[in-house]
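The lines below spell out each chain.
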Amino acid sequence: MKIKSLLSVLLLFSASSLFAWNNDIIVSTPNTSLLLNAPKGGELKIVYFGEKIDNSEISQIYDSGIASHRAAYPVFGIDCQTEPALSVTHPDGNMSLDLEISDVTTAKETNATITTVTMKDKVYPFIVKINYKAYNNTDIIETWSEITNNEKKPVLLRKFASGYLPIRKGDVWLSHLYGSWADEGRLVQEELTPGMKVIKNKDGVRNSTTDHGEIMFSLDGKPQENSGRVIGAALCWSGNYKLSIDTDNNREHQFMAGINEENSEYKLTSKETFVTPELALTFSNEGLSGVSRNFHRWARVENKLHNGKKLRDILLNSWEGVYFDINEKGMDQMMGDISSMGGELFVMDDGWFGVKYPRKDDRSSLGDWSVDKNKLPNGVPGLVEAAKKHGIKFGIWIEPEMTNTVSELYEKHPDWVIHQSNRPLRTGRGGSQLVLDVSNPKVQDFIFSIVDNLMKENPDLYYIKWDANMSVANWGSSYLTADKQSHLMIDYHRGLRKVLERIRAKYPDLVIQACASGGGRATYGVLPYFDEFWVSDDTDALQRIYMQWGTSYFFPSNAMASHVSAAPNHQTGRIIPIKFRFDVAMTARLGMEIQPKNMTDKEKEFSKKAIEGYKQIRPIVQQGELYRLISPYDKKGVSSLMYTTEDKSQAVFFAYKLEHFCNQSIPRFTMKGLNPDKTYMITEMNVDGKPVFLDGKKIKGSILMNQGVELPLNSEYSSRVLKLTAL
Ligand code: DGJ
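Residues numbered from 1 in each chain as written. Predicted model: local features only at pLDDT ≥ 70, side-chain atom pairs only at ≥ 80, totals over all residues. Heavy atoms only, no water.

Chemist: Describe the nonpolar core, naming the residues involved and giving the relevant values.
Modeler: Among the nonpolar cores identified, the biggest contains 131 residues, and W352, F394 and W466 are the most heavily contacted of them. Here the element with the most residues in this core is helix α8 (residues 441-457); it accounts for 8 residues. Here F394 is in contact with M335, L345, F346, M348, V380, L383, V384, A387, L461, Y462 and Y463, once residues within four sequence places are set aside. Judged by nonpolar contacts, the second largest core, of 60 residues, contains A85, I101, A134 and M256. (Core = buried A, V, L, I, M, F, W, Y, C linked by side-chain atoms within 4.5 Å. Buried < 20%, exposed > 50% of the residue type's maximum accessible area, 1.4 Å probe, protein only. Helix = DSSP H or I, 4+ residues; strand = E, 2+ residues; numbered from the N terminus. Contact = heavy atoms within 4.5 Å.)

Okay, structure coming up:
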């Protein structure tokens, strides 16, 4: 770590000494550029963000009239009519900043170049550095700021955005995600009109159950999946956030994103530097799907998703199969069943722990992470061994940031929970759940020890499902001092990050799933430490099409845990054929969430074949390029998407019927991402009955992409999966 930072310092010096600092600075990735204007002694401006340009084109950006003349990071206090990115109160009560550029440096890292613009206040010893990190191999530019107080007393940070981007006014549309428990990742698309649009989270723990901290701007009118210029943005923060777009009477929409400053004003002590989370920006002229591919590539290649390039195992999770009814015999039966269907991993969910207070339901025991020997006489080691005998791996569920009022942990450490000592406790799930105060280093050590103890006892434990099922209700910390209570929501997430960093330093290969009441932690704020996330507690295949469609806007398929569950479905009661359930789950990281002993022999046989098939297409789905074709939100009665390998030699195509009427006309499916000059052999997968007429046909990429294919989707819940292999 020390050597690494020394190296980057050396690089910073050498690069900055060679760096010719012009007023106009191009920050570029392989296909995109951000043009900054940074005159010494002047104000930093963002002039352009879009397709890649070179030095010779800078003047043309100005000449064509498309240049923006907006501040790159507007600060409050002097003639600031826009929404500020930064506002502070100095110790003397002055509420203004007046920044001028004092330096620009570049530092080369192996995978990226960081351009840093340093700005100083003209009166106060107060420094703001704006960073732009441009990746060499993926089209993402991360921006964040570093705010340093060199004054003698604390400065109050009232607003402290990560980044700011002016977007030219025109027919600009926004795509973003919203939802609720069991209905996460819903897509909404709307035209930007004058006024403020604010997307926010205040949960404290789960920051994607409702709105998402990622958005896309379609610059050429109504959003299109595969055409048009699109800007994408993702805030890399696990806590409360605020994204805002201010469209006023000027020529731009002003987009800003950062930690939600509401009730979180930060007292920056003398000599302290506040580093904001990163805001990842990208641009594509291949529509929304193009921006998604940029995010997916970045996540995988730069490990913004932990172990992003690794293929994920096919698992069975016990939750919907047995809920809290955990016992050794039952776990053994489920392990045997998933193994016989070709699965590779079994995960034991909630209900395995608690000695003084055994966990029978959701009303007790969180925090008491010792096995309940009445349920599991041979403990976790016994289960890890049993899994080995079945030829599979073993995983376990924990909810480490939480406790219950009924627990040994709470009895011992009542001060470890987030609470206000002079007010009654407001509890969550089960009427007794509480959130631990992760800003407290002792709590951080405790959380680390949960994972560490499990791993020490079970070195072969392969997977952890890390859950979090409550929001912050009692805003107050007995660890933070009275004057720093408003730091809680920042220090909680900094504390969480510290724990996760420790876990990753010691257990880099442990597979960890981020779960938070379902899809509450689909965020790049935690994904560098997690291999995947649970998309939703709703496993209904039809509803999943909508949720997974939305979630795929920002997150790659190998991050999205997608499980085949029972019929009738436990959340919606819908009865959907096993084929459709598999065809949906196979578009992401396939798993099962079912009691196999209740499945029919036919269903088991189908599952076995589907799992075998998924193993063949796994590299295409989990590492391929996603092209979304027909959106379920477009109400065409069908939905379709496909993945292609980078070299376009293989692809998998998925189509689903979403509604069922007599004489319904099914639209043509035009494919994308293939090589127009290659001929592809089509093989139907997950065949249930007679294969579709396309099976075995050889068709040129140009025909598949320009003319498309027509598919019979006759019955209710019809679906098709086609594998394409270039000849
Ligand atoms: C909420 C999760 O989303 C579920 O998958 C399951 O793990 C339960 N918690 C267990 O309590």
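The structure having been displayed, the exposition proceeds.
Chemist: Can you explain the site of the ligand? Please cite residues and give values.
Modeler: Around the ligand, 13 residues are found, and the nearest of them are D349, D350, K465, D467 and D537. Between the ligand and W534 there is a distance of 3.4 Å, counted from an oxygen atom to a side-chain nitrogen or oxygen. Between the ligand and D537, the relevant distance is 2.6 Å, taken from an oxygen atom to a side-chain nitrogen or oxygen of the residue. For the ligand, whose unbound accessible area comes to 290 Å², protein coverage reaches 98%. (Near = heavy atom within 4 Å. Polar contact = N/O pair within 3.5 Å; in protein donor to acceptor, adjacent residues only side chain to side chain. Areas by Shrake-Rupley, 256 points an atom, 1.4 Å probe, with all protein chains shown as cover.)

Chemist: Report on the sheet that holds strand β32 (residues 638-644), specifying residues and quantitative values.
Modeler: Spatially, 6 strands are ordered β31-β32-β33-β36-β34-β35 in an open sheet, and the strand pairing comes out antiparallel. At either end of the open sheet lies a strand with only one pairing partner, and these are β31 (625-630) and β35 (698-700). Taken pair by pair, the neighbouring strands of this sheet meet at an average axis angle of 25 degrees, ignoring direction. Two elements, β31 and β32, share 5 bridges in a ladder whose sense is antiparallel. (Pairing = 2+ DSSP bridges. Axes fitted to C-alpha atoms, helices over the stretch in contact; angles between N-to-C directions.)

Chemist: Tell me about the pairing of strand β17 (residues 252-259), residues and numbers included.
Modeler: The buried count for β17 comes to 8 of 8 residues, which makes it a mostly enclosed element. Two strands pair when backbone bridges link them, and strand β10 (residues 155-168) and β17 are joined in this way by 7 bridges, in the antiparallel orientation. Residue pairing in the sheet places P166 in a bridge with Q254 of β17. As paired strands, strand β16 (residues 241-247) and β17 are joined by 7 bridges and run antiparallel to one another. Counterpart to Y241 in the pairing with β17 is I259. Linkage of β16 to β17, two consecutive antiparallel strands, is achieved through a turn of 4 residues.

Chemist: I'd like a rundown of the packing of α8 against helix α9 (residues 488-506), residues and numbers included.
Modeler: Between α8 and α9, whose axes approach to 9 Å, the crossing angle comes to 25 degrees. As judged from the angle between their axes, α8 and α9 are roughly parallel. At the point where α8 passes α9, the crossing takes the right-handed sense. Listed contacts from α9 to Q444, D445, I447, F448, V451, D452 and K456 of α8 are G495, K498, V499, R502, I503 and K506. A breakdown of the residues in the contact of α8 with α9 according to their chemical character gives 5 nonpolar, 2 polar and 6 charged. (Parallel < 35°, antiparallel > 145°, perpendicular 65-115°, else oblique. Left-handed = near helix turned anticlockwise from the far one by under 90°. Nonpolar A, V, L, I, M, F, W, Y, C, P; charged D, E, K, R; others polar.)

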